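Structural overview for review
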Amino acid sequence: MLDTVFIGLSLGSVLLLVALGLSIVYGSMGVINMAHGELVMIGAYTAVLSQIYLDINLFAAIPLAFVICAGLGLLIEKLVIRRLYNRLFDTLLATWGVAILLQQAIRLEFGLSFFGIHVDGLGPGLQSVTVPKVLSEPIMLGDFVLQPYRTFIILISIVLAAFTWFLMYRTRIGQQVRAIMRNKEMAAACGIDVKKINALTFAYGSGLAGVAGVMMSGFKTVMPDMGSAMVVDGFLVVVVGGVGSLVGSIVASGVLGQLTSFVAFFSNDIIARAVVFAVVICIIVWRPRGLFNYKGR
Amino acid sequence: MTHSHLKIMAYVIFIVTVLMLPLALDEFWLNRTAKYLIFGMLGVAVSLSWGYAGILNLGQGMFFGAGAYMLGMSLKLASPTSLEQGTESPIPDFMMWNAEPNAVIDLCCINSGSFLWIPFQSQTFGLIMAIALPVLFAWALGSIIFSKGISGVFISIITLASVLLMRLLVVDNQALTGGFNGLTDLAWFTVFGYEFDPYSVTTYYLVACSLIVVLLLTRLLINSRSGLILQSIRDDQNRAKYLGFDAAAYQTFFFCVSAAISGFAGLLYVITSEFASPTFMDLTFSITMVIWAAVGGRASILGACIGAIAISMLGSSVSESELFVESWQAILGLCFVLVVLFMPNGLAGIAHGLCKKFVARQDDKKQRNEQNKAEELTKGGAA
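Just so you know, these numbers come straight off a predicted model, no measurement behind them.

On to the overall build of chain A, then. Scanning chain A from N- to C-terminus turns up 12 helices and 2 strands. When the helices and strands of chain A are placed in sequence order, the string is α-α-α-α-α-β-β-α-α-α-α-α-α-α. Computed over C-alpha atoms, the radius of gyration of chain A comes to 19 Å, within 12% of the 19 Å expected from 2.2 N^0.38 for 297 residues, which places it in the range of a compact globule. Principal axes of the C-alpha set define a box for chain A whose edges measure 55 × 55 × 35 Å. Within chain A, the fraction of its 297 residues that count as buried is 50%.

This is the structure:
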């Protein structure tokens, strides 16, 4: 029982890691970023590559991935997203194109494979990351086996959620982001540089995706199309939780994580996913605006 | 020549081209082209729901897949391997592989769900179900969604979750659906003893005529009164409601029509390609359909249709060479970003613009001629 709860908690925290960035981007900018999963994938590859070439461990790859993905996010915002504000569906489609591009960039090793050059750690194949020893040896607490890596993921997601909360509710920039969320025109009229704040928001969301990617690389095989399933899960969490609601995303990922874990315990993984989808559909039909949603807007 | 003349001309050119193609292609390419035409039909379905109803359905593959599986089940039971199991009723081979050791070898009870297959021994039943099931799904989903007033992205998320849910159920029920492998080794589609060889000209014409009929009927439908009301609901739902129209009913109806077209495309696809697979219900495939419509022009039935045909044709001819397989994907992704950014109405939008210019120039000429004539007349009068 405790095991199942614990697995649910760690599944939920993985969901939260992916959903956190999506939620901020969607909530404040009204952009559906289908490339978010690919940013997670880039984060995972950052972990792989930094291990091969820079010889640094997983912990050190976390800030690196954050910086790289945030930079990439900034670029995507400048080139694509910026031109598509107020065209919700078009952001979905354009970022899907971006997602394909990112995937192929990794598969084709940034185009080098045309010239017969192979870069270790890139390409269409599967990659993996060695997890530091501290995180790979299970700890026995009486009957309960504590998986350190899962615990680590839970901790990281709590830290990131707390940090995001701090940014959003205790800093000047966060205040501006929330102002934009409520009413973009009014915010602009009050002297907030909406373009700049949006670019920063998108970069921060992308950076979170990068961190999520590093965490994923520790327990999943890393491959170019690992991201597409994740973005779907992420969106389900965001929509169920309520767009733009930090608390909503946390609760929704917790609930969906536990649901997956318990159904999987009684049947199998596929049925668990199917049940999650069914429950999500019901929740959206029941409360289209999500479980937690502030009034207004 | 007016704008609508040019539009009719575009339709005529398209239809004639489709009908003339067998003169130029060999059997292999005919079969392939038939598949692209089926994708064209999917383009029509997406354009109808996205361009005209304003519903971005990210789960169109659910209807396509349902159509494909329904006829696929009938064709599976009619295949020689199923017929020659040495039992009274035909039994699909994958059911034999999955059978419990002491199971009764009969379609009624070889596994707990196999009785569902019994009516599919009739191909007519399979045909009817291939349209009916998608429509039923669409009606069930649509009547809930639209009567609750759910709109925009939330519809996309619900349809997306539904298609993935269905894919999981199909994959998980291996004994009933063939699981990951789908339905393979199917019989040919047969009407009154005539067998439709997928690589024959007849099958090509079956597909081509179906496409043309669907295209024209959809065209008629969107120009009908209900089609116009649908478009008004898309543009301003509240205003349409206050004018007394039952918005939910219209939306549900057109959602079902779009599903029926997709289901029809699914059953044609099974006839031409001889398999049904859970990949029809992959998220990627459903989004690819949307890409076709976006590139061709979401607000144009013909544009979306041509977009689908052109992209899939280009895609598969490019991926003949190994070097291009992966880079084609990248090129497609890039094209897609560029189309969304710079030509939101797709190829059809560009064609539309050109037509407008052409017509305007002609009008100008006409006006100038008349002016000249008038001037000459007045001059003559003065003299």
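Secondary structure assignment for chain B yields 16 helices and 2 strands. Oriented by its inertia axes, the alpha-carbon framework of chain B measures out at about 110 × 55 × 45 Å. Evaluated residue by residue, chain B yields a buried proportion of 43% over its 383 residues. A sequence separation of at least 24 residues applies to 75% of the contacts in chain B between residues at least 6 apart.

Glancing now at the interface of chain A and chain B. Each partner contributes residues to the interface: chain A has 32 residues there, and chain B has 34 residues. Counting only elements with at least two residues in the side of chain A that touches chain B, the list comes to α4 (88-107), α10 (227-241) and α12 (269-286) of chain A. Sorting elements by how many residues they give to the side of chain A that touches chain B places α4(A) first, with 12 residues.

All names here are of chain A. At their nearest, the axes of helix α1 (residues 2-29) and α10 sit 8 Å apart, and the two run at 65 degrees to each other. Judged by the angle between their axes, α1 and α10 are roughly perpendicular. Here α1 runs over α10; the crossing is right-handed. Contact with α1, carried on its side by L15, V18, A19, L22, S23 and Y26, involves M230, D233, G234, F235, V237 and V238 of α10 and no other residues of that element. The class makeup of the residues in the contact of α1 with α10 is 9 nonpolar, 2 polar and 1 charged.

UniProt records the feature "transmembrane region" (unreviewed entry) at residues 6-24, 36-55, 124-146, 153-170, 203-222, 243-269, 301-318 and 330-355 of chain B, using the numbering of this structure. Helix makes up 100% of residues 203-222 of chain B and strand makes up 0%, while its end C-alpha atoms are separated by 29 Å.

This part covers the UniProt feature "transmembrane region" (unreviewed entry) in chain A. In the UniProt entry, the feature "transmembrane region" (unreviewed entry) is given for residues 6-27, 34-52, 58-76, 88-106, 149-168, 230-256 and 262-286 of chain A. In residues 88-106 of chain A, the share of helix is 100% and the share of strand is 0%. The end C-alpha atoms are 27 Å apart.

Its 19 residues place the ends of helix α2 (residues 36-54) of chain A 25 Å apart at the C-alpha level, agreeing with the 27 Å of an ideal helix rising 1.5 Å per residue. The buried count for α2(A) comes to 15 of 19 residues, which makes it a mostly enclosed element.

Inspection of the secondary structure assignment puts V214(B) in helix α9 (residues 201-223). Residues contacting V214(B), with those up to four places away along its chain left out, are M41(B), V44(B), I261(B) and F264(B).

This brings us to the packing of helix α2 (residues 27-52) of chain B against helix α14 (residues 301-318) of chain B. Packed helix pairs are specified by the crossing angle of their axes together with the interaxial distance, meaning the distance between the axes. All names here are of chain B. Two elements in contact, α2 and α14, have axes separated by 7 Å at closest approach and are oriented at 140 degrees. By the criterion of interaxial angle, the relationship of α2 to α14 is oblique. The two elements α2 and α14 meet at a crossing, and its hand is right-handed. Facing α2, whose interface residues are R32, Y36, L37, F39, G40, L42, G43, V44, V46, S47 and L48, α14 presents I301, A304, C305, G307, A308, I309, S312, M313 and S316. The class makeup of the residues in the contact of α2 with α14 is 13 nonpolar, 6 polar and 1 charged.

Turning to unusual backbone geometry, a few remarks are in order. Residues and elements named next belong to chain B. The backbone phi angle of D185 is positive, close to 55 degrees, even though this residue is not glycine. With respect to the helices and strands, D185 occurs in the loop between α8 (174-177) and β1 (189-191). C-beta crowding within 10 Å serves as the criterion here: with 16 such atoms nearby, D185 is assigned to the partly exposed category.

Here we take up the confidence of the model for chain B. Mean pLDDT over chain B works out to 86, with 98% of the residues at or above the 70 mark. Taken together, the chains of this predicted complex give a pTM of 0.88 and an interface ipTM of 0.85.

A few words on the environment of C355(B). Residue and element names in this part refer to chain B. Tracing the backbone shows C355 in helix α16 (residues 346-382). You can call C355 partly exposed: it has 19 C-beta atoms within 10 Å. Between the C-alpha atoms of C355 and R167, which are 188 residues apart in sequence, the distance is 43 Å. Those residues in contact with C355 that sit more than four places away from it in its chain are H3 and L6.

Residue and element names in this part refer to chain B. Counted at 1.5 Å a residue, the expected span for α2 with its 26 residues is 38 Å, and the 36 Å between its end C-alpha atoms agrees. Of all 26 residues in α2, 20 are buried, a share of seventy percent or more. At the exit of α2 stands G54, carrying a positive phi of roughly 70 degrees.

Definitions and cut-offs
Every chain is numbered independently, its residues counted from 1 as its sequence is written. Whichever chain is written first becomes A and whichever ligand is written first becomes 1, with later ones labelled in order. Restriction of local features to residues with pLDDT of at least 70 applies here, the model being predicted, together with a cutoff of 80 or more for giving and counting side-chain atom pairs; totals for whole chains, interfaces and linings are based on all residues. By definition, any uninterrupted DSSP run of H or I lasting at least four residues is a helix, any uninterrupted run of E lasting at least two residues is a strand, and each is numbered from the N terminus. For the radius of gyration, the atom set is restricted to C-alpha positions; the globular benchmark scales as 2.2 Å times the number of residues to the power 0.38. Field definition: a residue is buried when 20 or more other C-beta atoms are found within 10 Å of its C-beta, exposed when 12 or fewer are, and partly exposed for counts in between, with C-beta atoms placed from the backbone. Residues are treated as contacting if the C-beta atoms built from their backbones sit within 7 Å of each other. Axis definition: a line fit to C-alpha positions, over the contact stretch in the case of helices; interaxial angles, taken between N-to-C directions, run 0 to 180 degrees. By definition in this entry, angles of less than 35 degrees are roughly parallel, angles greater than 145 are roughly antiparallel, angles of 65 to 115 are roughly perpendicular, and the rest are oblique. Here a crossing is taken to be left-handed if its near helix is turned anticlockwise relative to the far helix by less than a right angle, and right-handed if that turn runs clockwise. Residue type decides the class: Asp, Glu, Lys and Arg count as charged, Ala, Val, Leu, Ile, Met, Phe, Trp, Tyr, Cys and Pro as nonpolar, and the leftover types, Gly among them, as polar. UniProt positions are given in the numbering used here, feature names are shortened, and annotations may be inferred rather than shown by experiment. Helix span is expected to be 1.5 Å times the residue number reduced by one. Here pLDDT means the predictor's own confidence in every residue, given as a number from 0 to 100.

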